[in-house]
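One letter stands for each residue in the lines below.
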Amino acid sequence: MSANLDSDTGEESEAGSIARGDAPHNPPRDQARLVVAVDGPSGAGKSSASRGAAIALGLRYLDTGSMYRALTWWLLERGVDPGDAGLVGELAAEPFIEVGTDPSAPWTRVNGTDVSAAIRTREVTSAVSAVARVPRVRAHLIAQQRAIIANAPGIVAEGRDIGTVVAPDAPVKVFLTADRASRADRRAAESSWSAASTQVDQDRRDRLDAAQSVKADDAVEVDSTRLGLDQVIDIIVRLARERAGVPCPRQQTR
Ligand code: DC
């Protein structure tokens, strides 16, 4: 198993908040508008694999989990109980959430403040599942995610429900999994948490996230338990080239 796998431009959508990415770069013509959906549980290595695939394919990158984390960070800053679904739903559209879609340097901002590091704290990680379950939160952020995807010249979007809800027409869908222990090991290696508390938290989050973490019927399941990061990236890139008809540069030059 690789130790390299991590666990983890849009426009107006709904009242008040806009999610906006960096200025798009120009992918090769054949890759224009390619959408690659990468879903799966925490710790399966979605972020590193999605970013790596986006770089290899010359596409933008969207980490939808960072948007749920950003809202959660903002709620916690205001002392809102993440378990108060009614209040969380009412406030869902208040903060101005922006995400950068450069796969080499993604960032997240709330009301202009860079929260890229702050949204990875234990406090946010423990609270985000409760926030992400609230229907008004999902409706609001999904609208923003769709706008970002629609405005990108081509994108790898990662999350839980990209292939089923956010971008069900994506031509390339991957459901990335790994066994329970290796997912927790990866999470623990990235944080100061013990392996045991990481496992307990992961199990709790898996339960809370289950409703929105469904594999699309047409998604290709990739088990990363015994794969290195480069191997997972290679699988996603090959699928993109096969399923979306993106030519392989090496074949073209022969
Ligand atoms: O991938 P992550 O750990 O950063 O996700 C943070 C939370 O947001 C997690 O509870 C799952 C949830 N999420 C979701 O419900 N839908 C998405 N598309 C992405 C993340």
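Everything numeric here is computed off the predicted structure, so don't read it as measured data.

Asker: Just to check I follow, could you spell out the packing of aromatic side chains for this structure?
Answerer: One pair of aromatic rings is described through two measures. These are the centre distance and the angle between the planes. Per the counting criterion, the structure on display carries zero aromatic pairs. Directly above the aromatic system of Trp 107 lies the positively charged group of Arg 109, at a separation of 3.8 Å from the ring centroid.

Asker: I tried to follow unusual backbone geometry on my own but got confused; where do I start?
Answerer: Its identity is not glycine, yet Asn 111 carries a phi of approximately 50°, on the positive side. Mapped onto the secondary structure, Asn 111 falls in the loop between β4 (108-110) and β5 (113-114). For Asn 111, a relative accessible area of 44% gives the class partly exposed.

Asker: Got a minute to help me understand the pattern of salt bridges in this structure?
Answerer: Side chains that differ in charge, positive against negative, can pair when their charged atoms come close. One pass over the structure, following the stated rule, counts eight salt bridges. Here Arg 138 makes a salt bridge to Asp 161, at a shortest N to O gap of 2.8 Å. Here Arg 138, found in helix α5 (residues 135-151), pairs with Asp 161, found in the loop between β6 (154-159) and α6 (162-166); they are 23 residues apart in sequence, far enough to count as distant. Considered together, Arg 138 and Asp 161 belong to a single accessibility category, that of buried residues. Of the charged contacts, one joins Arg 180 and Asp 203 as a salt bridge, the two residues approaching to 2.7 Å between their closest N and O atoms. Of this pair, Arg 180 sits in helix α7 (residues 180-190) while Asp 203 sits in helix α8 (residues 195-209), and the two are 23 residues apart along the sequence. Taking the relative accessible area as the measure of exposure, Arg 180 reaches 47% and is therefore partly exposed.

Asker: How do you make sense of the packing of helix α2 (residues 64-77) against α5 when you look at a structure like this?
Answerer: For any two helices packed against each other, the geometry comes down to the angle between their axes and how far apart the axes lie. Taken N-terminus to C-terminus, the directions of α2 and α5 make an angle of 135°; their axes are 11 Å apart at the nearest point. One element, α2, and the other, α5, form an angle in the oblique class. Crossing of α2 against α5: the hand is right-handed. Contacts from Thr 64, Met 67, Tyr 68 and Leu 71 of α2 reach α5 at Val 137, Arg 138, Leu 141, Ile 142, Gln 144, Gln 145 and Ile 148. Here the residues of the contact of α2 with α5 are counted per class, giving seven nonpolar, three polar and one charged.

Asker: It is not clear to me how the pairing of strand β1 (residues 34-39) should be interpreted in this structure. Could you clarify?
Answerer: For a regular strand, side chains alternate in direction, first toward one face of the sheet and then toward the other. Burial within β1 is extensive, with six of its six residues counted as buried. Along β1, one buried face is formed by Leu 34, Val 36 and Val 38 and the opposite face, lined by Val 35, Ala 37 and Asp 39, is buried too. Alignment of β1 against strand β7 (residues 172-177), held across four bridges, turns out to be parallel. Along β7, the bridge assignment pairs Asp 39 with Phe 175.

Asker: Hey, could you run me through the sheet that holds β4 in this one?
Answerer: Spatially, the three strands line up as an open sheet ordered β3-β4-β5, and their pairing is antiparallel. Among the strands making up the open sheet, the edge pair consists of β3 (97-99) and β5.

Each value, and the rule that gives it
Residues numbered from 1 in each chain as written. Predicted model: local features only at pLDDT ≥ 70, side-chain atom pairs only at ≥ 80, totals over all residues. Heavy atoms only, no water. Phe/Tyr/Trp six-rings, centres within 6.5 Å; stacked < 30°, edge-to-face > 60°. Lys NZ or Arg CZ within 6 Å of the ring centre and 35° of its normal. Helix = DSSP H or I, 4+ residues; strand = E, 2+ residues; numbered from the N terminus. Buried < 20%, exposed > 50% of the residue type's maximum accessible area, 1.4 Å probe, protein only. Salt bridge = Lys/Arg side-chain N within 4 Å of Asp/Glu carboxyl O. Axes fitted to C-alpha atoms, helices over the stretch in contact; angles between N-to-C directions. Parallel < 35°, antiparallel > 145°, perpendicular 65-115°, else oblique. Left-handed = near helix turned anticlockwise from the far one by under 90°. Contact = heavy atoms within 4.5 Å. Nonpolar A, V, L, I, M, F, W, Y, C, P; charged D, E, K, R; others polar. Pairing = 2+ DSSP bridges.

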